[in-house]
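# Geometric and topological summary
Residues per chain, in single letters:
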Amino acid sequence: MAKRIIIIDDNASTLEVTRQILVQAGYEVSTFSAMQPGLQAIAQNPPDGVLLDIAMPGVDGLEACRRLRLSPQLVSMKIFILSGKRFDQERDRALRLGANAYITKPITPAELVRRVDETMHGVVKLTYWGVRGTLPVTGHRSLRYGGNTPCVTLSIPDGRLVIFDAGSGIYELSRSLAAAKSQRLEALLLVSHPHWDHVNALPFFAPLYQAGNRIEMYAPGSTDVDAESALFSQMGDIHFPISSREFAAQLTIRGLSTGSFERRGLKVSTMALSHPGLCLGYRVEFDGISVCYVTDNELFDREGSRESEEYMERLAAFAHGTDVLITDTTYTDAEYPRFVGWGHSRVSEVVELAVRAEAHSVHLFHHDPSQSDDDIDRKHQDAAKMIADRGAPVICVTPSEGQTFEVKRSEAPTVVKIAS
Ligand SMILES: [Zn+2]
Ligand SMILES: [Zn+2]
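What comes next is a walk through the structure. (Residues numbered from 1 in each chain as written. Chains lettered and ligands numbered in written order. Predicted model: local features only at pLDDT ≥ 70, side-chain atom pairs only at ≥ 80, totals over all residues. Heavy atoms only, no water.)

Our focus in this paragraph is the coordination of the zinc ion (ligand 2). Around the zinc ion (ligand 2), the protein contributes the donor atoms His193 (NE2), His195 (ND1), His275 (NE2) and Asp296 (OD), which lie 2.1 to 2.6 Å from the metal centre. What the 4 donor atoms of the zinc ion (ligand 2) show is an angle range of 88 to 171° at the metal, which sorts the shape as irregular. Here the donor residues for the zinc ion (ligand 2) map to a single chain with the spacing H-x1-H-x79-H-x20-D. A distance of 3.7 Å spans the gap from the zinc ion (ligand 2) to the zinc ion (ligand 1), which aspartate 296 bridges by coordinating each metal. A residue is classified by how much of its surface remains accessible, and histidine 195, at 32% relative accessible area, is partly exposed. (Donors = N, O, S within 2.8 Å, 3.2 Å for Na, K, Ca; no water. Tetrahedral: all angles 85-135°; square planar, octahedral: opposite > 155°, others 65-115°. Buried < 20%, exposed > 50% of the residue type's maximum accessible area, 1.4 Å probe, protein only.)

Here's what the structure looks like:
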């Protein structure tokens, strides 16, 4: 059944254009050019969503949002605030008052439908921009899985982006955001650790140079200064021609250790991983779903090692019940003995972790640069067979660069598209 939306806007042409766009997108739409009759219609027969123009005479969009959120009958109704203002304070205020999304005009029809769809259906999308570890891989060995180093995003329905790592894949993310003419970006960038393959395309992330974007960056470090130099010492004269002083986005950089914090409904928890230097695994939770990003990480032989066994248990508890466990699967079991102590894991231990964590799905990630697409296929087959042999209900996925998944509560994510 089509979801019902009410639009309240005193500008007749905006009202009609917005109505037509949403009707074409499959919504059943009613419109009101004045606030009071619109609010009465909402009270009489609550719709699934309401789009409120912020600048209305009398009761404006924010005040209407505040009043609607006082009604217990309307808790599940999605509220969108439409505004021509790009001020952070307005947006923050709207979200604090209980709006689900703040949409700034002008906006393209496709972007409007995307924002409305994602919010109405509560869809969190997971996209891979780079899946290789250590070094980018070019040429025939990487045509199917892609050759970029780690960068993964979660798109939150309210428009925020969570970005894991800034390997060479972040350049593809940057291009995609530019092509979509995305509105002002609000992002949390969570860096696992400052090894090259996880940070070295940060200077090529164009949103950093655009005023109006708001980007909060987190990286391992005991103080904020440490985190900043871990990320941006690569932008000195020797390594890069542009200094981080050229950034125009509103930027905050924070050092993180283990613990958790919350940002408007997004809960981020961290755990120190088994890797040279401080490397953080992240667990991000939003509206009942969770994704764990656990790379780079070595799962040592547990036989006879209480320490390794305890670490496995702690990591399994950290990732327990997660919808998606994205994890370092650098080596095959046959390769691993040559690389003990390098800080990366092999297939059988990844399977052990996913099964113990009771993850709904495990995504094999951070492939060694010496491996071809066919080698990665074999790791996938090995992992899928080991999981099947154990009769565990874990879905094994080996994502390719450009792939997007919808993350749904307590079910396996489904592939929805391959990004171009
Ligand atoms: Zn790495
Ligand atoms: Zn590393």
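The discussion continues.
What follows covers the environment of threonine 327. Mapping threonine 327 onto the fold places it in strand β16 (residues 324–328). Threonine 327 gets classed as buried once you look at its relative accessible area, which sits at 1%. As a C-alpha pair, threonine 327 and tyrosine 293 span 34 residues in sequence and 6.3 Å in three-dimensional space. (Helix = DSSP H or I, 4+ residues; strand = E, 2+ residues; numbered from the N terminus.)

Turning next to the coordination of the zinc ion (ligand 1). Each protein donor to the zinc ion (ligand 1) is listed here as Asp197 (OD), His198 (NE2), Asp296 (OD) and His366 (NE2); together their distances run 2.1 Å. Viewed at the metal, the 4 donor atoms of the zinc ion (ligand 1) are separated by angles of 92 to 164°, and the geometry they form is irregular. For the zinc ion (ligand 1), the donor residues sit on a single chain with the sequence spacing D-H-x97-D-x69-H.

Let us look at the sheet that holds strand β1 (residues 4–8). Note on sheets: strands pair through backbone hydrogen bonds, and any given pair is parallel or antiparallel. Taken together, 5 strands build an open sheet; the order of strands is β2-β1-β3-β4-β5 and the sheet is parallel. Across the chains shown, the open sheet's two edge strands, defined by having one partner strand only, are β2 (28–32) and β5 (101–104). This sheet shows a mean twist of 20° between the axes of neighbouring strands, independent of strand direction. Bridge count between β1 and strand β3 (residues 49–53): 4 bridges; the pairing is parallel. Each residue of the ladder has a partner; that of isoleucine 7, found in β3, is leucine 51. Against the sheet, helix α4 (residues 88–96) contacts β4 (78–83) and β5, and its axis sits at roughly 150° relative to β5. (Pairing = 2+ DSSP bridges. Axes fitted to C-alpha atoms, helices over the stretch in contact; angles between N-to-C directions. Contact = heavy atoms within 4.5 Å.)

On to the sheet that holds strand β18 (residues 395–397), then. Within the open sheet, the 7 strands sit side by side as β12-β13-β14-β15-β16-β17-β18. Their pairing is mixed. Each edge of the open sheet is held by one strand with a lone partner, namely β12 (259–263) and β18. The mean angle between the axes of side-by-side strands here comes to 15°, regardless of whether they run parallel or antiparallel. The pairing of β16 with strand β17 (residues 361–365) spans 4 bridges and is classified as parallel. Paired with isoleucine 326 across the strands is histidine 363, a residue of β17. Of the strands in this sheet, β16 and β17 are in contact with helix α10 (residues 347–357), which crosses β16 at around 155°. Along the sheet face, helix α11 (residues 373–390) touches β17 and β18 and points at about 175° away from the line of β18.

It is worth spelling out the environment of methionine 217 at this point. When you line up the elements, methionine 217 lands in strand β10 (residues 214–220). Sequence separation between methionine 217 and leucine 251 is 34 residues, and the spatial gap between their C-alpha atoms is 7.4 Å. Contact partners of methionine 217, with chain neighbours within four places excluded, come to Leu189, Leu202, Leu231, Phe232, Leu251, Thr252, Ile253 and Arg254.

On to the pairing of strand β9 (residues 186–190), then. Counted residue by residue, β9 has 5 buried out of 5 residues, so it is predominantly covered. By the alternation rule, side chains of β9 split into Glu186, Leu188 and Leu190 and Ala187 and Leu189, which are all buried. Pairing of strand β8 (residues 161–164) with β9, which is carried by 4 bridges, proceeds in the parallel orientation. Pairing of phenylalanine 164 across the sheet is with leucine 190, part of β9. By the bridge criterion, 5 bridges tie β9 to β10 in an arrangement that is parallel. Within β10, the residue paired with leucine 188 across the bridge is glutamate 216.

Another aspect to go through is the packing of aromatic side chains. Evaluation of the coordinates by the stated rule reveals 12 aromatic pairs. Plain terms: the ring middles of phenylalanine 339 and tryptophan 342 are 5.0 Å apart, the flat faces sit at 80° to each other, and that makes the pair edge-to-face. Taking the relative accessible area as the measure of exposure, phenylalanine 339 reaches 18% and is therefore buried. Taken together, the aromatic side chains of Tyr128, Phe164, Tyr282, Tyr293, Phe365 and Phe405 make up a single cluster linked through ring pairs. (Phe/Tyr/Trp six-rings, centres within 6.5 Å; stacked < 30°, edge-to-face > 60°.)

Bringing the packing of helix α9 (residues 306–318) against α10 into the picture now. The description of two helices packed together rests on the angle between their axes and the distance between the axes. At their nearest, the axes of α9 and α10 sit 8 Å apart, and the two run at 50° to each other. Taken together, the axes of α9 and α10 are oblique relative to one another. The element α9 and its partner α10 pack so that their crossing is right-handed. Residues Glu309, Met312, Glu313, Leu315 and Ala316 of α9 form the contact with α10, whose own contacting residues are Glu349, Glu352, Leu353, Arg356 and Ala357. For the contact of α9 with α10, the class distribution of residues is 5 nonpolar, no polar and 5 charged. (Parallel < 35°, antiparallel > 145°, perpendicular 65-115°, else oblique. Left-handed = near helix turned anticlockwise from the far one by under 90°. Nonpolar A, V, L, I, M, F, W, Y, C, P; charged D, E, K, R; others polar.)

A separate point is unusual backbone geometry. Across residues other than glycine, the phi torsion is negative in most instances, and most of the peptide bonds are trans. A cis amide bond, omega 0°, links lysine 105 with the succeeding residue proline 106. By secondary structure assignment, the location of proline 106 is in the loop between β5 and α5 (109–121). Here threonine 295 and aspartate 296 are connected by a cis peptide whose omega angle stands at 0°. The backbone of glutamate 358 shows a phi angle near 50°, a positive value even though the residue is not glycine. Its place among the elements puts glutamate 358 in the loop between α10 and β17. Phi at histidine 366 is positive, roughly 65°, even though this residue is not glycine. As for its position among the elements, histidine 366 is in the loop between β17 and α11.

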